[in-house]
Amino acid sequence: MIGKRHKVKKAGDERLLRIVAQLQRQLAEQKVFDQTTVDYSFDNRVLNKILHAKFIFLYEEARRRNTKSSISSSVITR
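The structure reproduced in this document is the subject of the present report. (Residues numbered from 1 in each chain as written. Predicted model: local features only at pLDDT ≥ 70, side-chain atom pairs only at ≥ 80, totals over all residues. Heavy atoms only, no water.)

## Some details on the overall build of the protein
- Tallying secondary structure elements over the protein gives two helices and zero strands in all.
- Buried residues in the protein amount to 23% of all 78 residues.
- Counting only contacts in the protein whose residues sit at least 6 apart along the sequence, the fraction spanning at least 24 positions is 71%. (Helix = DSSP H or I, 4+ residues; strand = E, 2+ residues; numbered from the N terminus. Buried < 20%, exposed > 50% of the residue type's maximum accessible area, 1.4 Å probe, protein only. Contact = heavy atoms within 4.5 Å.)

Written out as structure tokens, the structure is:
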């Protein structure tokens, strides 16, 4: 039973790390987009805040779970 629980946690951790990495890439792309946009609408600001809030929430969750990745060690860094 313990082995199965460990496998489930590991799979969840890997999924969490993939999502955090994806959000991190989206935030970087959004930052470049923000700097090059002349007319930055209110909707874009709201979407950017939501994206940032999702990233922070999942980042903190990954830290709370002491998530370690076999793929990349640079995902959980600021």
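## Considering the pattern of salt bridges
- The final tally for this structure, using the stated rule, is three salt bridges.
- A salt bridge links lysine 9 to aspartate 13; its shortest N-O distance comes to 2.8 Å. Here the residue lysine 9 and the residue aspartate 13 both occupy positions in helix H1 (residues 2-36), the gap between them amounting to four residues, near one helical turn.
- Take lysine 9: its relative accessible area is 37%, and that puts it in the partly exposed class. (Salt bridge = Lys/Arg side-chain N within 4 Å of Asp/Glu carboxyl O.)

## What to know about the packing of H1 against helix H2 (residues 42-64)
- The geometry of H1 relative to H2 is characterised by a closest axis approach of 9 Å and an angle of 150 degrees between their N-to-C directions. The orientation of H1 with respect to H2, classified from their angle, is roughly antiparallel. You can see that H1 and H2 cross each other, and the crossing is left-handed. Contacts from Leu16, Ile19, Val20, Leu23, Gln24, Gln26, Leu27, Gln30, Phe33 and Asp34 of H1 reach H2 at Asn44, Asn48, Leu51, His52, Lys54, Phe55, Leu58, Tyr59, Glu61 and Ala62. (Axes fitted to C-alpha atoms, helices over the stretch in contact; angles between N-to-C directions. Parallel < 35°, antiparallel > 145°, perpendicular 65-115°, else oblique. Left-handed = near helix turned anticlockwise from the far one by under 90°.)

## Topic: the nonpolar core
- The biggest cluster of nonpolar side chains holds nine residues, and these are Leu16, Val20, Leu23, Leu27, Leu51, Phe55, Leu58, Tyr59 and Ala62.
- Counting residues per element, this core draws most heavily on H2, at five residues. (Core = buried A, V, L, I, M, F, W, Y, C linked by side-chain atoms within 4.5 Å.)

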